[in-house]
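Examining the three-dimensional arrangement
Single-letter residue listing:
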Amino acid sequence: MIDIKILRETPELIKESCRRRGDAADIDAIIELDKEYRELVQQVEAMRADRNRLSKECRDNPEAREQVKDLKEQLSQQEARLQELETQVHDKLSWLPNLLHPAVPDGNDDTSNIEIRKEGVIPEFSFKVKDHQELGELLDIIDTQRGAKVAQSGFYYWKGKGAQLCNAMFFWAQMELTKRGFTSFMTPCAAKSQTLYGTGYLPFFADQTYPIANEDLCLIGTSEQTLVGYHADEILEADKLPLSYCAFSPCFRTESGSYGKASRGIFRVHQFHKVEQIIFCLPEESEKYHKFCLENEEYLLQQLGIPYHVVDVCVGDMGAPGYRKYDVEAWFAGFGAYREVTSNTNLTDFQSRRLGIRYKDKDGNRGYVHTISATAVTDRVAIAILENFQQEDGSVIIPEVLRPFTGFDKIEAPEQVK
RNA sequence: GGAGAGGUGGCUGAGUGGCUGAAAGCACAGGUUUGCUAAACCUGCGUAGGGGAAACUCUACCGGGGGUUCGAAUCCCCCCCUCUCCGCCA
């Protein structure tokens, strides 16, 4: 949610952000509505003051009662109009995207993202590489057929050593994050619409969510929703900040409108799994912690031995709630390209304002905290492991850091292939 | 699923029609006392919005919504949530 004061005092900031994002919101119309609202508020409050004053006289002066009755009738009409205006302004404000960091690149889609750095050595193979779908079938560790049979196309099974690999990776990532000061969570996998609204998923990504029939609940699209919502309507002690939380959860997304986009294998699916990093911090520190989360993402990939590059995400590829975003794209030998595995967004006060998450310092100063939302690892990282560490016979070498958790160092190819 | 209890400020908790934006305690902030810590005592202390240079003042808020009334935390209706007990169950 944009601070309405910015709208009143420096609307050009918001216009500029909307212009760069290609958002056609009519800012002047909102300002007009707000102006009308504020004028009416003054009127209504003056009338209420009169009403209250007269009411106090009523006990001793029965004549005042008639006056108050008249006044109340006028007042209720104005109050109805006021309510209407308030709702309109609020609805329009809900749709406004966040401001933009000045350095965010222009552009309409991911082709305009700017590579910041490249790490790791891209593996070379002396044989024809397989993609994860092929490997998954060959090794009997990914089953999309039965995922579709049991649930729907877009759902899948990890099986055997594939499942063990994922469990190991997700557990390891959480251990690494707790070493870096994160508190681990397991969260609800459903959240009410208010929580989704507060985190900015509604109204912007309404078509991406799975609602639960007959309930005011949706399956979570990410544990960001439940972790950020955790502190809704709370005032946090400034000297306890930052709060760093991580969680493992399934993530459910309808992916409506993205059919055909790199749909082979399990790269884009209706349910994936993720370890998430969330930080609540003071506004002046959000850039620092935004970078901190990026360091964590990179550290994890480095430890796994996966080559990647970091991109500065352009306006067109960034969601409305984002102020600045870095994506990490890992190398996928099967695709022969870098593809997104993690993303890291500084949401500034966009979520905290909607959710009412504030801080208070020793001097009694209050404000809205900033939130950072960043991926740590997802199934896609496991896919990158399969594709990058495959051997000629289709077997896959497990990264060393995961071996204490998998209990094996290789996913063997079946006998007939050898 | 059945039965009961309850939702008041950062927390605990009074409060059944106007003097209650809300007692008291805790916590917190400032001060006095003190060799240090502790304790004691005094003072202050809800949130949001509007007006004002300020003092101050106005409006709203006691789970949410509606109603009765000149006036509601308090009375009525609907909804939501939490807790306890019973049943069922991972």
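A few points on the structure. Residue positions are given per chain, counting from 1 as you read along its sequence in written order. As a convention, the first chain written is A and the first ligand written is 1, with the rest following in written order. Only residues with pLDDT of at least 70 get local features here, since the model is predicted, and only at 80 or more are side-chain atom pairs given and counted; chain-wide, interface and lining totals rely on the full set of residues. To get the side-chain values, take all heavy atoms of the structure and skip hydrogens and water.

1. Regarding the sheet that holds strand β15 (residues 366-368)
The mixed open sheet is built from three strands, whose spatial order is β8-β14-β15. Edge strands, defined here as strands with exactly one partner in the open sheet, are β8 (234-237) and β15. Strand-to-strand twist in this sheet, taken as the mean axis angle between neighbours without regard to direction, amounts to 35°. Here, a strand pair is defined by DSSP locating no fewer than two bridges between the strands. Where helices and strands are cited, they refer to DSSP runs of H or I of at least four residues and of E of at least two residues respectively, numbered from the N terminus. Across four bridges, β8 lies against strand β14 (residues 357-360) in parallel orientation. Bridge pairing in β14 links E237 to K360. Comment: axis = line fitted to C-alpha atoms, over the contacting stretch for helices; angle = value between 0 and 180 degrees taken between N-to-C directions.

2. Some words on the protein's contact with RNA strand B
Taken together, 17 residues lie around RNA strand B, and R51, S55, V68, K72 and R366 are the ones closest in. In RNA strand B, atoms within 4 Å of the protein come 71% from sugar and phosphate. Under this definition, polar contacts are N or O atom pairs within 3.5 Å; protein pairs additionally need one hydrogen-donor-capable and one acceptor-capable atom, and for neighbouring residues in sequence, both atoms have to be side-chain atoms. Within the contact set of RNA strand B, a base nitrogen lies 2.8 Å away from a backbone nitrogen or oxygen of S55. At a separation of 2.6 Å, a phosphate oxygen of RNA strand B approaches a polar side-chain atom of K72. No other element matches the eight residues that helix α3 (residues 27-58) contributes to the surface near RNA strand B. Throughout this entry, Asp, Glu, Lys and Arg are counted as charged residues, while Ala, Val, Leu, Ile, Met, Phe, Trp, Tyr, Cys and Pro are counted as nonpolar. The remaining residues, Gly among them, count as polar. By residue class, the composition of the surface near RNA strand B is three nonpolar, three polar and 11 charged. We call a residue near a molecule or strand when any one of its heavy atoms sits within 4 Å of it.

3. A word on the sheet that holds strand β1 (residues 114-119)
Think of a sheet as strands paired side by side through backbone hydrogen bonds, with each pair either parallel or antiparallel. In spatial order, the strands read β1-β11-β12-β13-β16-β10-β9-β4; together these eight strands make up an open sheet with mixed pairing. The open sheet has two edge strands, β1 and β4 (183-185), and neither has a second partner. Direction aside, the axes of adjacent strands within the sheet are offset by 25° on average. Across 10 bridges, strand β9 (residues 243-252) lies against strand β10 (residues 271-281) in antiparallel orientation. Across the sheet, residue F248 finds its bridge partner in β10, namely V275. Contact definition: two residues touch when any of their heavy atoms are within 4.5 Å. Each of β4, β9, β10 and β16 (370-378) touches helix α7 (residues 160-179); the most contacted strand, β10, lies at about 5° to it.

4. Some points on the environment of C314
Within the secondary structure, C314 is located in the loop between β11 (308-312) and β12 (324-332). C314 sits in the buried class, given a relative accessible area of 0%. In this structure the C-alpha to C-alpha distance between C314 and S112, which are 202 residues apart in sequence, comes to 6.0 Å. Beyond its immediate stretch of four places on either side in the chain, C314 contacts V104, P105, D106, G107, N108, D109, S112 and N113. Each residue's exposure class comes from its accessible area (1.4 Å probe, protein chains only) as a fraction of the maximum for that residue type: buried when under 20%, exposed when over 50%, partly exposed otherwise.

5. Observations concerning the pairing of β16
In terms of residue burial, β16 counts as a mostly covered element, since nine of its nine residues are buried. Sheet topology note: the β10/β16 ladder contains eight bridges and is antiparallel. Residue pairing in the sheet places V275 in a bridge with V377 of β16. As paired strands, strand β13 (residues 337-346) and β16 are joined by three bridges and run antiparallel to one another. Bridge pairing in β16 places N344 opposite A374.

6. What about the packing of aromatic side chains?
The rule is short: rings of Phe, Tyr and Trp, with Trp giving its six-membered ring, pair when the centres are within 6.5 Å, and they are stacked under 30 degrees, edge-to-face over 60, tilted in between. Tallied over the entire structure, the rule returns 16 aromatic pairs. Considering the side-chain rings of Y230 and Y245, the 5.7 Å spacing of their centres and the 90° angle between planes classify their relative orientation as edge-to-face. Of the two residues, Y230 is situated in the loop between α9 (223-229) and β8 and Y245 in strand β9; the sequence distance between them amounts to 15 residues.

7. Topic: the side chain of S17
For S17, the position within the fold is in helix α2 (residues 11-21). Its relative accessible area of 4% is what places S17 among the buried residues. Contacts of S17, omitting those with residues within four sequence positions, involve P97, N98, L99 and L100.

8. A word on the packing of α7 against helix α12 (residues 379-388)
Two elements in contact, α7 and α12, have axes separated by 10 Å at closest approach and are oriented at 120°. Here α12 runs oblique to α7, going by the angle between their axes. By crossing handedness, the relation of α7 to α12 is classed as right-handed. Here L165, C166, M169 and F170 of α7 come into contact with α12, specifically with D379, V381, A382, I385 and L386. Of the residues in the contact of α7 with α12, the class split is eight nonpolar, no polar and one charged. Any angle from 65 to 115 degrees is called roughly perpendicular, while one under 35 is roughly parallel, one over 145 is roughly antiparallel, and all others are oblique. Helix crossings are classified by the rotation of the near helix relative to the far one: an anticlockwise turn of less than a right angle makes the crossing left-handed, while a clockwise turn makes it right-handed.

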